[in-house]
Every structure is written in structure tokens, then in C-alpha cells.
Amino acid sequence: MPEYTNEYRIAQLLAKKITGDLSPEEEQELQKWEREHLTATLLHSKIADPVNRHERDELINKLNTNFSWQKVEQRITRKNTTTTSHKLIWWSSSVAAVILLAITIFLYTPPKEAREKAMPIAEVQTGSSKAIFITPDGKQFNLSLQDSSRTLELGAGIRAVTRGRSIEYVGNTYSTVDAGKPNIIQVPRGGEYELILPDGTHVWINSDSKLSFPVHFTSEKREVLLSGEAYFDVAKMKDCPFIVKTQNLAIKVLGTEFNVRAYPDAEVTETTLCRGSVNVSDGKSDITLQPSQQAVYVKANKDLSTRRVDVRLYTTWKNGIFMFENKPLEEIMTTLSRWYNINVFYANPAVKTYHFTGDLERYSNFQKTLNMIEKATSIKFIINGNTVTVKEVKE
């Protein structure tokens with residue numbers, strides 16, 4: 001489970017408490033917080049009070065996302081001009097806390113009666129573990145969660161063992177000669193897959209991504225080619241660096257954990273470091289990252305820079321959670337479109353700039369996900385097959 005700021009987590013727990021979805025473990029967590037934090041108790045009392053129901057509904061209906069963000073940013077700027085955007089969720093007064101909690105309660109999940117009566121509006125399927133494995137000689141194997149364990153003989157003493165969610169290479173790990181044509185794991189839109197390379201490196205590959213790698217590594221280097229997004233937990237091998245190449249960058253490590261987002265249609269390529277250190281190079285300059293730093297390469301002006309980030313925002317996807325912090329709707333919908341395999345059309349381009357903060361369960365029902373976004377601003381999603389039209393609701 002991802003970590004949350006206290007106020008946001010309290011809001012989530014109270015939402016589930018009121019809707020009757022709180023697990024025994026979460027009940028204990030909430031009780032502990034209520035004993036230790038007066039804020040939690042006060043919020044619970046205010047939001048749970050039926051007298052405030054009309055006020056809560058009215059608050060949500062009137063909520064304007066852009067206006068809300070502007071107010072938050074103004075307040076933060078006045079308080080501390082150096083505060084970064086990831087502190088936004090900590091903005092708090094009694095009114096701000098109630099807004100956060102009210103939104104969480106009514107967006108987190110509908111009342112049980114509504115859930116029991118609700119009928120699915122569209123059959124947009126949640127993503128799942130699936131990929132296409134392409135051997136050097138061009139043979140293709142479809143991999144999916146339904147697969148039982150099977151072994152693919154790749155020659156030269158190397159085998160690939162599939163186990164539903166993942167594929168693992170076993171056998172001869174290194175060679176003094178080049179392996180020739182690579183193997184390819186291609187993950188379609190609506191998919192994800194795990195790969196364990198011959199050296200023991202673990203790779204989580206996200207939707208609409210492709211990873212190319214040799215049948216065996218040479219004794220001098222371990223090199224793979226990525227298009228899309230993947231999280232790497234690299235096996236430490238002294239004197240044999242692991243190199244991830246993208247269209248614009250080369251990321252070099254010995255043993256570490258990091259995420260690379262390098263979609264061809266994206267404006268930037270991002271390398272986010274969780275543990276260890278990595279060297280990122282664009283061929284002209286290079287930078288070394290420390291944990292919680294991110295290298296950002298802007299394709300338009302070929303600029304490579306670094307910034308400090310909350311790594312959870314870029315890595316929890318592999319654990320089943322999308323986390324967004326002050327992200328524009330267009331970026332959020334691009335992420336969702338890859339996972340749910342949908343096409344997005346904007347009837348009013350202005351809505352692309354609406355900003356949101358929050359987390360979404362990666363395996364959640366698609367309609368529920370859209371409902372959460374709809375409640376937070378004046379937009380409406382219309383689903384037709386796998387096409388989603390985004391419209392602005394005029395008040």
C-alpha cells in the first residue's frame with residue numbers, strides 16, 4: 001500500500017468508515033489516529049454529522065478545480081515561496097480539511113445502495129498481465145495471466161520460463177561474443193508484464209512499452225533498449241554495468257532501483273531514482289542521480305536537467321496504484337488510456353488543463369475511476385465503446 005500524507009490518509013479512512021467499507025485493520029489504524037490526533041476526531045465528527053450532509057453536497061457541487069488550486073497556491077506562496085508543489089496536500093485550515101474530506105467521502109466510493117443498483121455503462125476492460133514475446137528468429141509467443149508454467153527453449157543452453165505474470169530467463173548468463181539479434185518483450189495498451197533477465201535483474205514493464213535485450217549479456221556490459229516505461233531492480237555486478245538505452249538517453253548503473261518513462265510520443269523522458277545511483281547521458285552531457293532525484297530530458301530543446309521528486313508518484317504503478325499530484329487532466333487521461341486501452345477525445349480543449357491530486361486503484365472499474373474525476377470539477381465523460389469524449393459542463 002502506498003504511503004499518504006496524514007490528512008489525506010485520514011480522509012480516506014473516514015470515507016470508508018462512513019460507507020461501511022472499512023476493514024478491521026483500517027479500523028484499528030483509524031482508531032489509533034483518532035487517539036493521537038485531535039484533527040482526525042474533529043473531522044470525523046463534523047463530516048459524519050447528518051446535519052452537515054446538505055452542506056457537503058453543496059460544497060462538492062460548487063467546487064471549481066482551477067479556482068481551488070489557485071487559492072491553494074496563493075496561500076502556499078504567501079507562506080513560503082520556496083515550498084515545492086509536492087507539499088500542496090499539507091495546505092490546511094479547518095475549511096481546507098473539510099473540503100478534502102468531503103471530496104474523498106463522496107468520490108472514493110458511492111453509497112452501498114447506489115453500488116448495488118448501479119449498472120455498468122460501458123465494457124471498458126481493466127488492464128492485465130499480458131505481453132508478446134518475440135525471439136531473435138522472429139517467433140512470437142502470447143503471454144498472459146492465464147498461462148500455466150511453460151518453458152521456451154531459446155538455444156545455446158538458455159530457456160525462458162513463463163509463470164502467468166512474468167517470464168524468467170535461466171541458463172547461460174554471459175558470453176564473450178555478441179548475442180546478435182535481441183529478444184523483445186512487447187506489452188500492448190491495456191497490459192503489463194514482469195521480466196527477470198539472465199543476470200537476475202527484475203523489470204516491470206508498463207502498458208504500451210517494449211523492451212529489447214540480448215539472449216545473453218557480454219562480460220563487459222548488460223545493455224537493454226526501452227521504448228515506453230519500465231521499473232528496474234538491477235542485480236549488482238561489479239565491473240559489468242547495466243545500461244538502459246532510450247531514444248535519447250543512456251542510463252548506466254551497477255546495481256540500483258529506478259524507473260524510466262520514455263514514451264516516443266511524450267515531450268519528456270524521465271528517469272527517477274529510488275535506490276543507489278545512476279548516470280544519465282544524452283551524448284553531450286551527463287548527470288549522476290542520487291535517491292529521490294529525477295533526470296528530465298526535454299526533447300524539444302534537448303535539455304537535460306535534474307529535480308527532486310516524490311518517487312512514489314512515478315513508481316507506485318507497479319504496485320497497482322496511480323498517484324497524481326497537481327497533474328493536468330490531459331496527462332492523467334494519457335496514462336489511463338494506455339492502461340485501459342481507450343482513445344480520448346476532448347470536445348473542449350480547455351479541460352485538458354484542469355489539475356487534480358489523488359490516487360486511483362490501477363485495477364479499479366473504469367467507470368468508477370471516471371466518476372471520481374467528474375465529481376471534482378465541471379466535466380463529463382461520455383463513453384462509446386473504447387472512445388471517451390471529455391466535455392465541459394456549463395453551469
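Residues numbered from 1 in each chain as written. Predicted model: local features only at pLDDT ≥ 70, side-chain atom pairs only at ≥ 80, totals over all residues. Heavy atoms only, no water.

Enquirer: Sorry if this is basic, but what is going on with the overall build of the protein here?
Expert: Within the protein one finds 10 helices and 25 strands. In the protein, which comprises 395 residues, the proportion classed as buried is 46%. Considering only contacts in the protein between residues 6 or more positions apart, those separated by 24 or more positions represent 53%. Accessible surface, the protein as shown: approximately 19,900 Å² in total, 50% of it carbon and sulfur. (Helix = DSSP H or I, 4+ residues; strand = E, 2+ residues; numbered from the N terminus. Buried < 20%, exposed > 50% of the residue type's maximum accessible area, 1.4 Å probe, protein only. Contact = heavy atoms within 4.5 Å. Areas by Shrake-Rupley, 256 points an atom, 1.4 Å probe, with all protein chains shown as cover.)

Enquirer: Explain the packing of aromatic side chains to me, please; I cannot follow it from the model alone.
Expert: Aromatic ring pairs are reported here in terms of the distance separating the ring centres and the angle at which the planes meet. The tally for this structure, following the rule as stated, stands at eight aromatic pairs. Taken together, a centroid distance of 5.2 Å and an interplanar angle of 15 degrees make the contact between Phe232 and Phe258 stacked. Residue Phe232 is located in strand β12 (residues 222–233), and its partner Phe258 is located in strand β15 (residues 257–262); the two are separated by 26 residues in the primary sequence. Exposure class is identical for Phe232 and Phe258. Each is buried. Here a set of aromatic residues connected by ring pairs shows up, and it is made of Phe217, Phe232, Phe242 and Phe258. Taking the ring centre of Tyr263 as reference, the NZ or CZ of Arg338 above it sits at 3.4 Å. Over the ring of Trp339 we find Arg362; its NZ or CZ atom is 3.8 Å from the centre of that ring. (Phe/Tyr/Trp six-rings, centres within 6.5 Å; stacked < 30°, edge-to-face > 60°. Lys NZ or Arg CZ within 6 Å of the ring centre and 35° of its normal.)

Enquirer: Just to check I follow, could you spell out helix α9 (residues 329–340) for this structure?
Expert: Residues spaced three or four apart along an α-helix point in a common direction, a consequence of the helix completing one turn every 3.6 residues. Under the 1.5 Å per step criterion, the end-to-end length of α9 is 16 Å for 12 residues, consistent within 8% with the ideal 16 Å. Taken together, the buried positions of α9 are occupied by Leu329, Ile332, Met333, Leu336, Ser337, Arg338, Trp339 and Tyr340. Just downstream of α9, Asn341 is the residue with a positive phi angle, here 55 degrees. (Expected span 1.5 Å × (residues − 1).)

Enquirer: How do you make sense of the side chain of Ser337 when you look at a structure like this?
Expert: With respect to the element layout, Ser337 can be found in helix α9. Not counting the four nearest positions on each side in its chain, Ser337 is found in contact with Arg189, Ile342 and Val344.

Enquirer: Quick question: what am I supposed to make of the nonpolar core here?
Expert: Side chains of a nonpolar character, in soluble globular proteins, are inclined to be buried together. In terms of nonpolar packing, the biggest core is built from 37 residues, with Ile185, Leu195, Phe232 and Phe258 touching the most fellow members. The biggest single contributor to this core is β12, with four residues. Non-local contacts of Phe258, meaning those with residues more than four positions away in its chain, are made with Ala230, Tyr231, Phe232, Val234, Val244, Ile251, Val253, Thr271, Thr272, Leu273, Cys274 and Val278. Grouped together as the second largest cluster of nonpolar side chains are 24 residues, Tyr340, Tyr346, Phe366 and Ile383 included. (Core = buried A, V, L, I, M, F, W, Y, C linked by side-chain atoms within 4.5 Å.)

Enquirer: What's the story with the sheet that holds strand β25 (residues 387–392) in this structure? I'm lost.
Expert: Within a beta sheet, neighbouring strands are joined by backbone hydrogen bonds and run either parallel or antiparallel to one another. A sheet is described by the order of its strands in space; here three strands give the open sequence β22-β25-β24, paired in mixed fashion. Either end of the sheet is taken by a strand with one partner, and the two such strands are β22 (343–346) and β24 (379–384). Averaged over all neighbouring strand pairs, the angle between strand axes comes to 25 degrees, with direction disregarded. In terms of strand pairing, β22 meets β25 through four bridges, oriented parallel. Each bridged residue has a counterpart across the sheet, and for Val344 the counterpart in β25 is Val388. Sheet strands touched by α9: β22, β24 and β25. Its angle to β22, the strand with the most contacts, is close to 155 degrees. (Pairing = 2+ DSSP bridges. Axes fitted to C-alpha atoms, helices over the stretch in contact; angles between N-to-C directions.)

Don't take any of this as a statement about function, it's just geometry.
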